[in-house]
Amino acid sequence: PSRCAHTAVVHKHWMYVFGGRGTRVTSGLSFDRFSLETCMWHPVPLRGFAPGGRFLHTAACHGDTMFIFGGMNDRTECLSELFMCNLITHVWHGL
């Protein structure tokens, strides 16, 4: 999926891409993963308390957890929220 101002982290044989803007999304919630083995995209199911759509945010991966911080929403408001997603279960939590 084409997009810009997103974040991407690599975990095991997947590249996870969160948020951003593009033809398919404005800054609406978008979470996909790309298999580094098959070179195919897959949507990631959302579970738990997931962050709202955003762009220009930051992301980091530590162990089996992806962290998302800040960014901007469609109203160009700066966000200061921190979220974590377990990349095994795909369950989100706000921190």
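Residues numbered from 1 in each chain as written. Predicted model: local features only at pLDDT ≥ 70, side-chain atom pairs only at ≥ 80, totals over all residues. Heavy atoms only, no water.

> Whenever I open this one, the sheet that holds strand S1 (residues 7-11) confuses me. Can you help?
Sheet strands line up and pair through hydrogen bonds in the backbone, either parallel or antiparallel. Read across the sheet, four strands follow the order S1-S2-S3-S4 without closing on themselves; strand pairing throughout is antiparallel. Either end of the sheet is taken by a strand with one partner, and the two such strands are S1 and strand S4 (41-43). The mean inter-strand angle of the sheet, taken between neighbouring strand axes irrespective of direction, is 25°. Sheet analysis places strand S3 (residues 31-35) next to S4, joined by three bridges and oriented antiparallel. When the sheet's bridge partners are listed, Phe-34 is paired in S4 with Trp-41. (Pairing = 2+ DSSP bridges. Helix = DSSP H or I, 4+ residues; strand = E, 2+ residues; numbered from the N terminus. Axes fitted to C-alpha atoms, helices over the stretch in contact; angles between N-to-C directions.)

> Sorry, what's going on with the side chain of His-90 here?
Mapping His-90 onto the fold places it in the loop between strand S8 (82-86) and strand S9 (91-94). What makes His-90 buried here is its relative accessible area of 6%. A distance of 3.5 Å separates polar atoms of two side chains, one belonging to His-90 and the other to Tyr-16. Once residues lying within four places of it in the same chain are set aside, the contact partners of His-90 are Tyr-16, Arg-33, Val-44, Pro-45, Leu-46, Arg-47 and Cys-85. (Buried < 20%, exposed > 50% of the residue type's maximum accessible area, 1.4 Å probe, protein only. Polar contact = N/O pair within 3.5 Å; in protein donor to acceptor, adjacent residues only side chain to side chain. Contact = heavy atoms within 4.5 Å.)

> When you look at a nonpolar patch on the surface in this model, what are you seeing that I'm missing?
Where nonpolar side chains cluster on the molecular surface, the patch consists of Phe-69, Leu-82 and Leu-95 and spans about 280 Å² of accessible area. Here Phe-69 shows up in strand S7 (residues 65-69). (Patch = residues over 30% accessible without salt bridge, like charges linked within 9 Å, V, L, I, M, F, W, Y side chains within 5 Å. Areas by Shrake-Rupley, 256 points an atom, 1.4 Å probe, with all protein chains shown as cover. Salt bridge = Lys/Arg side-chain N within 4 Å of Asp/Glu carboxyl O.)

> In this structure, what is going on with unusual backbone geometry? I would like to understand it.
Glycine aside, residues mostly have negative phi angles, and peptide bonds mostly take the trans form. Located in the positive-phi region is Cys-39, a residue other than glycine, with phi close to 60°. Assignment of secondary structure puts Cys-39 in the loop between S3 and S4. Not every positive phi belongs to a glycine, and Leu-56 is a case in point at roughly 60°. Among the secondary structure elements, Leu-56 is positioned in the loop between strand S5 (47-48) and strand S6 (58-62). With a relative accessible area of 53%, Leu-56 lands in the exposed category.

> What am I meant to see in the packing of aromatic side chains here?
The description of two aromatic rings rests on the distance between their centres and on the angle between their planes. Summed over the entire model, instances satisfying the criterion amount to six aromatic pairs. Consider the rings of Phe-34 and Trp-41, whose centres lie 5.1 Å apart with planes at 55°: the pair is tilted. On the basis of relative accessibility, which here comes to 17%, the residue Phe-34 falls in the buried class. For Trp-41, a relative accessible area of 37% puts it in the partly exposed group. Ring geometry for Phe-49 against Phe-83: centres 5.7 Å apart, planes inclined by 40°, an arrangement best described as tilted. Taken together, the residues span a long stretch of sequence, with Phe-49 in the loop between S5 and S6 and Phe-83 in strand S8 at a distance of 34 residues. With a relative accessible area of 5%, Phe-83 lands in the buried category. Over the ring of Trp-14 we find Arg-33; its NZ or CZ atom is 3.7 Å from the centre of that ring. (Phe/Tyr/Trp six-rings, centres within 6.5 Å; stacked < 30°, edge-to-face > 60°. Lys NZ or Arg CZ within 6 Å of the ring centre and 35° of its normal.)

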